[in-house]
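Take a look at the letters that make up each chain.
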Amino acid sequence: MNRREFLMSSACACLATATAKVGAVFAQDTAPAPLKLTRCGTPLPTPAEKIQARRVVTALRANRVNFRGKTVIPVRFHIIHEGQRGYLPNRQIKAQMALLNRAYAPASLEFKVADVNLHENSAWFRHQPGTDEEIEMKNALGKDTATSLNIYTAEPAGGLLGYATFPWWYRETPQLDGVVIHHASLPKAARPWVEQPWPFNLGMTAVHEVGHWCGLYHTFQGGCEAPGDDVEDTAYEENAASGCPLNQRSNCPGETRFDPVENYMDYSDDACMKHFTPVQYQRIKDMVGYYRYQLNPLTQRSSLLAQIRSSIE
Amino acid sequence: MRPILLLLAGLALSFSAGPAHALKHLGGCDIVALAAKNSPVAVSPELWLDYREATEAALASGGSDPRALSARVVQAQMDFLAALGGSAAYQDYLAGDSCHLLSKLNASAVDVLLAEATSSMSEPAAQALGAIVQAARTQIDNIERSARFRSNRDKTLFAAQYYCFIAAAIVAFLPPERRAEIALEDFGETVSCKDAGRT
């Protein structure tokens, strides 16, 4: 079954009753209200993933699941370089980790370096997503993708600063799981390796891509069309921002808020990116807790989560 | 430990057998533009026939990996354009204002055109065409949703590679009279090559 077929079949799965005892990692306010068994309609072929993610959130809320407690995520850095180009000193990795930890602390995620490996390989260094080079690189280097975050630094072509895998892709392609970021996007670089000006060198690409890895969409996902990025407290945004057009853009009909250009999930310059919203943090907790449950022993052991999973997948 | 290493090595080998750059080709948009009745470049009917045959042969070359199949289709597209490569009219087209790329695919329009194209194809080739079109759409959709680009312009140019590949693959199988009616806009929204930053 390919990814698409998987998603289609997942989208057609119906919610079933799911009750169980509360795991230590969850808070459950009252007894869970049993879900009604619903009958499947014909699923829309797209965007099946969004539908499925929404089902997950609905099921978690219906079962009063709230992920609490810290999840510590081991991070495996794979530094792909071409001679000196792409080589990253420890100072930059530490600065990047500090930034990730600051950005994700409100979601109770903590990142810890587990591994840093250097690999000299020109083809991997200049790869593009979806090519053999990406697959080859990740098959050769990716490690413990269920229980850690693999970060590859390289110089992807085509104006790409980075790309990531969504948590719901893990089941079908676990070996491809992880985040790829441009080596010149990490903070505290001693020398510029890329064309100047380069307003993407403060480490926000990793924050952005890890956001995808945790299940967040771009703030401009879907443009002005509901449900946008599936996060209620980010304004609808017609298209990606560039630079830092703070309090300047709001092109969607009926949208009274300005575009969320300071959000980590937009395309603004690094210096402009400042925050996630509370609902984004909630979504991160939900998506990581549900799809990346193996990161945390408590979510891994939870019978309630297992029941919810079996009911909607 | 050893069996795990062998398994990983096997996986790596099985994945590395395919093409390096599959499912995308910016020049595909030129092929669609050159098919139009008011094409800026005269293309002989024989070249169109060669293109169709080469694309069909690529699709029929076997294997179920859409990426490997698509690499052969891209080669057929490149061969077609290479045959025009020296043409001053083609170079003028590339440098001029009429050169356009697809910036957004109209999914339902593509489905209709794909159905039209496959209606005159052998079943295996039709299935293969459907598979590579779907694979390209899925691929760029996934990339667009999970990537950060330096700018919208970079994103547009990146996505155009996939959209143009799709359009040219479909156009290969439209009958000549129908092909002449088709414009790039029939596949979706377009952007000028200059605005997209095509070099």
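Rules used throughout
Residues numbered from 1 in each chain as written. Chains lettered and ligands numbered in written order. Predicted model: local features only at pLDDT ≥ 70, side-chain atom pairs only at ≥ 80, totals over all residues. Heavy atoms only, no water. Helix = DSSP H or I, 4+ residues; strand = E, 2+ residues; numbered from the N terminus. Buried < 20%, exposed > 50% of the residue type's maximum accessible area, 1.4 Å probe, protein only. Areas by Shrake-Rupley, 256 points an atom, 1.4 Å probe, with all protein chains shown as cover. Salt bridge = Lys/Arg side-chain N within 4 Å of Asp/Glu carboxyl O. Disulfide = S-S within 2.5 Å. Polar contact = N/O pair within 3.5 Å; in protein donor to acceptor, adjacent residues only side chain to side chain. Contact = heavy atoms within 4.5 Å. pLDDT = per-residue confidence, 0-100. Phe/Tyr/Trp six-rings, centres within 6.5 Å; stacked < 30°, edge-to-face > 60°. Lys NZ or Arg CZ within 6 Å of the ring centre and 35° of its normal. Core = buried A, V, L, I, M, F, W, Y, C linked by side-chain atoms within 4.5 Å. Pairing = 2+ DSSP bridges. Right-handed = clockwise from strand over helix to strand, strands pointing away.

Caption draft 1: Region of interest: the overall build of chain A. Broken down by element type, chain A carries 9 helices and 5 strands. Counting from the amino terminus, helix and strand elements in chain A follow one another as α-α-β-α-β-α-α-β-β-β-α-α-α-α. Expressed as a percentage of its 313 residues, the buried residues of chain A come to 57%. Of the roughly 12700 Å² of accessible surface on chain A, 54% is carried by carbon and sulfur atoms.

Caption draft 2: Highlighting the pattern of salt bridges. Tallied over the full model, the rule gives 29 salt bridges over all chains. One salt bridge in this structure joins B:Arg178 and B:Glu181, with 3.0 Å as the shortest N-O distance. Taken together, the residues B:Arg178 and B:Glu181, both in helix α9 (residues 176-181) and 3 residues apart, mark about one turn of the helix. Relative accessible area serves as the criterion here: at 25%, B:Arg178 is assigned to the partly exposed category. Taken together, the shared-partner salt bridges connect A:Arg76, A:Asp115, A:Lys143 and A:Asp144 into one network.

Caption draft 3: Representation of the state of the cysteines within the structure. Residues and elements named next belong to chain A. Counted by the stated rule, this structure contains 4 disulfides over all chains. Each sulfur in the disulfide pair Cys224 and Cys252 lies 2.0 Å from the other. Looking down the S-S bond of the Cys224 and Cys252 bridge, the torsion is -80°, so its handedness is left-handed. With Cys224 in the loop between α6 (204-213) and α7 (278-291) and Cys252 in the loop between α6 and α7, the pair connects residues that are 28 residues apart, well separated along the chain. Relative accessible area serves as the criterion here: at 6%, Cys252 is assigned to the buried category.

Caption draft 4: Geometry of the side chain of B:Gln77. Residues and elements named next belong to chain B. With respect to the helices and strands, Gln77 occurs in helix α4 (residues 66-82). The class for Gln77 is buried, based on a relative accessible area of 0%. Within the structure, Gln77 has its side chain in polar contact with the side chain of His25 (distance 2.9 Å). The residues contacting Gln77, other than those within four sequence positions of it, are His25, Gly28, Ile31, Tyr51, Phe165, Ala168 and Ala169.

Caption draft 5: Expanded view of the confidence of the model for chain A. Within chain A, residue pLDDT values average 86, and 85% of them lie at 70 or more. Scored below 50 in pLDDT, residues 1-46 of chain A makes 93 contacts in the model with residues more than four places away or belonging to other chains.

Caption draft 6: Structural view of the packing of aromatic side chains. Residue and element names in this part refer to chain A. Tallying each qualifying case throughout the model produces 18 aromatic pairs over all chains. Ring geometry for Trp198 versus Phe200: centroids 5.5 Å apart, planes at 90°, classification edge-to-face. Assessed through its relative accessible area of 7%, Trp198 is described here as buried. Put simply, the rings of Phe166, Trp168, Trp169, Tyr217, Tyr290 and Tyr291 pair up and form one aromatic cluster. Cation over ring: Arg309 sits above Tyr290, and NZ or CZ is 5.2 Å from the ring centre. Its end group placed over the ring of Tyr293, Arg309 keeps NZ or CZ at 3.7 Å from the ring centre.

Caption draft 7: Spotlight on the nonpolar core. Ranked by internal contacts, the top residues of the largest apolar core, which has 81 residues, are B:Leu59, B:Phe80, B:Leu101, B:Leu129, B:Ile170 and B:Phe187. Sorting elements by how many residues they give to this core places helix α8 (residues 152-171) of chain B first, with 13 residues. Ignoring sequence-local partners within four residues, the contact set of B:Ile170 consists of B:Val110, B:Leu113, B:Leu114, B:Ala117, B:Val133 and B:Phe187. The next biggest cluster of nonpolar side chains, apart from the first, holds 35 residues, and it includes A:Leu99, A:Ala103, A:Tyr104 and A:Leu295.

Caption draft 8: Summary view of the pairing of strand β1 (residues 71-81) of chain A. Residue and element names in this part refer to chain A. The element β1 is extensively covered by neighbouring structure, given that 9 of its 11 residues are classed as buried. Here 11 bridges tie β1 to strand β2 (residues 109-120), and the two strands are oriented parallel to one another. Its bridge partner being in β2, Val72 is matched across the sheet by Glu110. Once you follow β1 into helix α3 (residues 90-104) and on to β2, the crossover reads as right-handed. Of the strand pairs in this sheet, β1 and strand β3 (residues 149-154) are connected by 5 bridges, and their pairing is parallel. Looking at β3, one finds that His78 is bridged to Tyr152.

Caption draft 9: How the structure looks around the confidence of the model for chain B. Residues and elements named next belong to chain B. Here chain B averages 89 in pLDDT, while 89% of its residues score no lower than 70. Ranking the helices and strands of chain B by mean pLDDT puts strand β3 (residues 188-192) first, with 98, and helix α1 (residues 2-16) last, with 37. Here residues 1-18 scores under 50 on pLDDT; set against residues more than four positions off or in separate chains, the count is 10 contacts. Interface confidence for the predicted complex, given as ipTM, is 0.82, next to a pTM of 0.84.

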